[in-house]
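Examination of the molecular architecture
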Amino acid sequence: MILIGFMGCGKTTIAHELGLQLNKKTIDLDDVIPKIAGQPIPEIFAAEGEAAFREYEFQALQSILKENAIIATGGGVVTYEKSYALLKELTDMPVFFLNAPFDDLYSRIQEDDNRPLGNQDIEKVRALYNSRLDKYSALADREISTSKTVADTAAEIISYMDDGNFKA
Ligand code: S3P
């Protein structure tokens with residue numbers, strides 16, 4: 001299963017909860033990228049720029065798709081054509097778009113300073129969010145609101161999979 005959506009939508013938290021409930025391995029794409037790049041995400045952006053980051057992200061995605069895991073992606077993965085194509089081609093893994101009102105996402109993002117593209121002026125971040133919405137929707141089997149508890153969000157995803165004959 002793949003979780004997509006903007007920064008702050010809860011991908012990592014929900015993936016962890018689903019992993020516990022479904023007894024499955026969880027992989028966070030943002031944890032794999034620094035291993036491939038040899039440096040933390042803010043340093044990749046600062047030293048090599050966003051384009052280089054997206055290529056590392058693509059390589060990380062490619063390597064973990066082979067695993068039968070619950071995958072939390074980074075919010076910008078849909079903006080890179082190669083990564084988008086890879087996600088679009090998936091036939092055996094459900095893709096969930098986690099979403100919440102933009103102002104809620106923005107306030108969640110401000111809680112940590114580890115996101116180079118999130119720690120910007122609110123209107124810049126809003127424009128980024130708006131520019132990605134169509135891509136999240138186009139890739140997703142289902143949009144799930146995270147404006148509820150983690151337990152309720154996970155329960156909604158599990159019930160959708162049970163109904164839709166998806167494998168986790
Ligand atoms: C990014 C989102 C981040 C991380 C990087 C870029 C983005 O992941 O991959 O800072 O472009 O939206 P999260 O969505 O997990 O914060």
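In case you missed it, the structure is sitting above this.
Described in the following lines is the structure provided in the data block. All values reported here derive from a predicted model rather than from experimental measurement. (Residues numbered from 1 in each chain as written. Predicted model: local features only at pLDDT ≥ 70, side-chain atom pairs only at ≥ 80, totals over all residues. Heavy atoms only, no water.)

What follows deals with unusual backbone geometry. A positive phi angle, close to 55°, is found at Asn23, a residue other than glycine. Among the secondary structure elements, Asn23 is positioned in the loop between α1 (11-22) and β2 (26-28). (Helix = DSSP H or I, 4+ residues; strand = E, 2+ residues; numbered from the N terminus.)

The next thing to look at is the environment of Gly164. Relative to the assigned elements, Gly164 resides in helix α8 (residues 150-164). Here Gly164 falls in the partly exposed class, since its relative accessible area comes to 34%. It is 23 Å that separates the C-alpha atoms of Gly164 and Ala85, two residues lying 79 residues apart in sequence. (Buried < 20%, exposed > 50% of the residue type's maximum accessible area, 1.4 Å probe, protein only.)

With respect to spatial proximity, 13 residues lie near the ligand, and among them Asp30, Arg54, Gly75, Arg115 and Arg132 are the closest. Residue Gly76 places a main-chain N or O atom 3.3 Å away from an oxygen atom belonging to the ligand. Note that an oxygen atom of the ligand is positioned 2.7 Å from one of the side-chain N or O atoms of Arg132. With the chains in place, 96% of the 390 Å² that the ligand exposes on its own is no longer accessible. When atoms are counted within 2 Å of each cavity's grid points, the one that captures over half of the ligand is the largest pocket. Among the residues making up the shell around the ligand, the classes are represented as 5 nonpolar, 3 polar and 5 charged. (Near = heavy atom within 4 Å. Polar contact = N/O pair within 3.5 Å; in protein donor to acceptor, adjacent residues only side chain to side chain. Areas by Shrake-Rupley, 256 points an atom, 1.4 Å probe, with all protein chains shown as cover. 1 Å grid on protein atoms, 1.4 Å probe; cavity = no way out; pocket = protein on both sides within 12 Å on 5 of 7 lines; lining within 4 Å. Sits in = over half its atoms within 2 Å of the grid points. Nonpolar A, V, L, I, M, F, W, Y, C, P; charged D, E, K, R; others polar.)

Among the secondary structure elements, Gln39 is positioned in the loop between α2 (29-37) and α3 (41-48). A relative accessible area of 18% places Gln39 in the buried class. In terms of polar contacts, Gln39 uses its side chain to reach the side chain of Glu48, at 2.8 Å. With sequence-adjacent residues up to four places away left out, Gln39 is seen in contact with Pro34, Ile44, Ala47 and Glu48. (Contact = heavy atoms within 4.5 Å.)

By volume, the largest pocket amounts to about 740 Å³. Forming the walls of the largest pocket are 35 residues, and the residues nearest its centre are Met7, Gly8, Thr12, Asp30 and Arg115. Of all the secondary-structure elements, those providing two or more residues to the lining of the largest pocket are α1, α2, α3, α4 (50-64) and α8. Among the elements that make up the lining of the largest pocket, the one with the highest residue count is α1 (4 residues). A per-class count over the lining of the largest pocket returns 11 nonpolar, 12 polar and 12 charged. (Points joined across faces, edges and corners; volume = space filled by probe spheres on them.)

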